[in-house]
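An overview of the molecular structure
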Amino acid sequence: MFDVYLRLVADDGDPEAVTQALGVAPDESTRHGRPSPKTGRPYGFSSWTLALGRAVAPRFPNLRFLTFAAAVPSGLASRKDFAEHELLDFDQLRTLVSREHVERLRSLAPRSVQLMTSNNMILMMHPELVKRHGFPMLQVEPDGEVRAMPIYEGTVGNLLTEDAGTLWERVQERWSDPFVVETLSAVRSMQDWAEATRRLDYHFGTDEVRRRIDRRPPYTLDDRTSDQRHIASMTGPASGHQL
């Protein structure tokens, strides 16, 4: 079992830059997003994923799955203005997992490869979704601390010193905490999600966590990498893996 994480950054999604980086021309049939302030061309994440599917998969004969998953506003990615310029918006997330887009990607990969996409919206842990389906994950930090919600700060105890069942009860209680419900229920966009992350991190984080957050450098727009939304690509030999 192995995982390979790929990140591609090309100036404003320039087809020539993508071609140079991958050795294969991207498909320009689908382009999404606001025009770049530098070139006026719309950002095209579809071109990148199509190019990755075509260029990477044939190079690994034992490859059995390839998953394209959207980055989420967690940690440094939750900083003010980061989501607007670096992450896919909700319309682009819908395109990423649309049947048409997925079938297009699959047509470019070897038939032996199981290709999937994920918008990673489950990681938001929207109260209605959690209430209806639950969330089958308990995240344990290296020091044994148990995080109540995977992408948000805030632990509920330590697995090395406390009963796992008790910790799981605390995790579930956090999901329905009034502050969590109010904050996440208001999310309507990626920028809203990033703001919700900041609020949750600061509210449930320890004093040390809050000091670390306060030390984070502000996000500044970089002309070299602006308007290039991030998609994480995961590959490996096992089938049926879904982010």
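Residues numbered from 1 in each chain as written. Predicted model: local features only at pLDDT ≥ 70, side-chain atom pairs only at ≥ 80, totals over all residues. Heavy atoms only, no water.

**Concerning the overall build of the protein chain**
What the protein chain contains, in helices and strands, is 10 helices and seven strands. Burial statistics for the protein chain: of 243 residues in total, 45% are counted as buried. Within the protein chain, residue pairs in contact and separated by at least 24 positions form 67% of the contacts whose partners lie at least 6 positions apart. (Helix = DSSP H or I, 4+ residues; strand = E, 2+ residues; numbered from the N terminus. Buried < 20%, exposed > 50% of the residue type's maximum accessible area, 1.4 Å probe, protein only. Contact = heavy atoms within 4.5 Å.)

**Quick look at a nonpolar patch on the surface**
Residues Leu138, Val140 and Leu159 make up a contiguous nonpolar surface patch of roughly 200 Å² in combined accessible area. In this fold, Val140 is placed in strand β4 (residues 139-140). (Patch = residues over 30% accessible without salt bridge, like charges linked within 9 Å, V, L, I, M, F, W, Y side chains within 5 Å. Areas by Shrake-Rupley, 256 points an atom, 1.4 Å probe, with all protein chains shown as cover. Salt bridge = Lys/Arg side-chain N within 4 Å of Asp/Glu carboxyl O.)

**A short note on the nonpolar core**
Met149, Tyr152, Leu184 and Trp193 are the most contacted members of the largest nonpolar core, which totals 35 residues. Elements that contribute at least two residues to this core include exactly α3 (82-86), α4 (90-96), α7 (164-175), α8 (178-185) and α9 (190-204). Among the elements that make up this core, the one with the highest residue count is α9 (six residues). If we ignore the near neighbours within four places in the chain, the residues touching Leu184 are Met124, Met125, His126, Pro127, Met149, Tyr152, Ala196 and Leu200. By size, the runner-up hydrophobic cluster in this structure holds seven residues, among which are Leu66, Leu105, Ala109 and Leu115. (Core = buried A, V, L, I, M, F, W, Y, C linked by side-chain atoms within 4.5 Å.)

**Some points on the side chain of Thr117**
Mapped onto the elements, Thr117 comes out in strand β3 (residues 114-118). Under the relative-accessibility criterion, Thr117 is labelled buried at 10%. A polar side-chain atom of Thr117 sits 2.9 Å from the main-chain carbonyl oxygen of Leu96. (Polar contact = N/O pair within 3.5 Å; in protein donor to acceptor, adjacent residues only side chain to side chain.)

**Thoughts on the packing of α9 against helix α10 (residues 207-214)**
Their axes nearest at 7 Å, the elements α9 and α10 cross at an angle of 140 degrees. By the criterion of interaxial angle, the relationship of α9 to α10 is oblique. Taking contact as the criterion, the partners of Asp201, Tyr202 and His203 in α9 are, on α10, Val209, Arg210, Ile213 and Asp214. (Axes fitted to C-alpha atoms, helices over the stretch in contact; angles between N-to-C directions. Parallel < 35°, antiparallel > 145°, perpendicular 65-115°, else oblique.)

**Notes on unusual backbone geometry**
A positive phi angle, close to 60 degrees, is found at Asn120, a residue other than glycine. On the basis of relative accessible area, Asn120 is assigned to the buried category, the value being 9%. The phi angle at Met125 is positive, at roughly 60 degrees, despite the residue not being glycine. With respect to the secondary-structure elements, Met125 resides in the loop between β3 and α6 (127-133).

**Quick look at the environment of Phe179**
On the secondary structure map, Phe179 appears in helix α8. Along the sequence, Phe179 and Arg199 sit 20 residues apart, while their C-alpha atoms lie 9.4 Å from each other. In this structure Phe179 touches Arg199, Leu200, His203 and Phe204, once residues within four positions along its chain are discounted.

**Thoughts on helix α5 (residues 99-108)**
Here α5 has its buried residues at His101, Val102, Leu105 and Leu108. Along the axis of α5, the buried positions cluster into a sector of 125 degrees, meaning they face one direction only. Residues Arg99 and Glu100 are exposed on α5 and point more than 90 degrees away from its buried face. (Arc of directions from axis to C-beta.)

**So, the sheet that holds β4**
If you trace the three strands from one edge of the open sheet to the other, you get β4-β5-β6, paired in antiparallel fashion. Each edge of the open sheet is held by one strand with a lone partner, namely β4 and β6 (155-158). Summarising the sheet, strand β5 (residues 145-147) and β6 pair through two bridges and their orientation is antiparallel. Of the residues in β6, the one forming a bridge with Glu145 is Asn158. Sitting on the sheet, α7 touches β5 and β6, and the angle it makes with β6 is about 175 degrees. (Pairing = 2+ DSSP bridges.)

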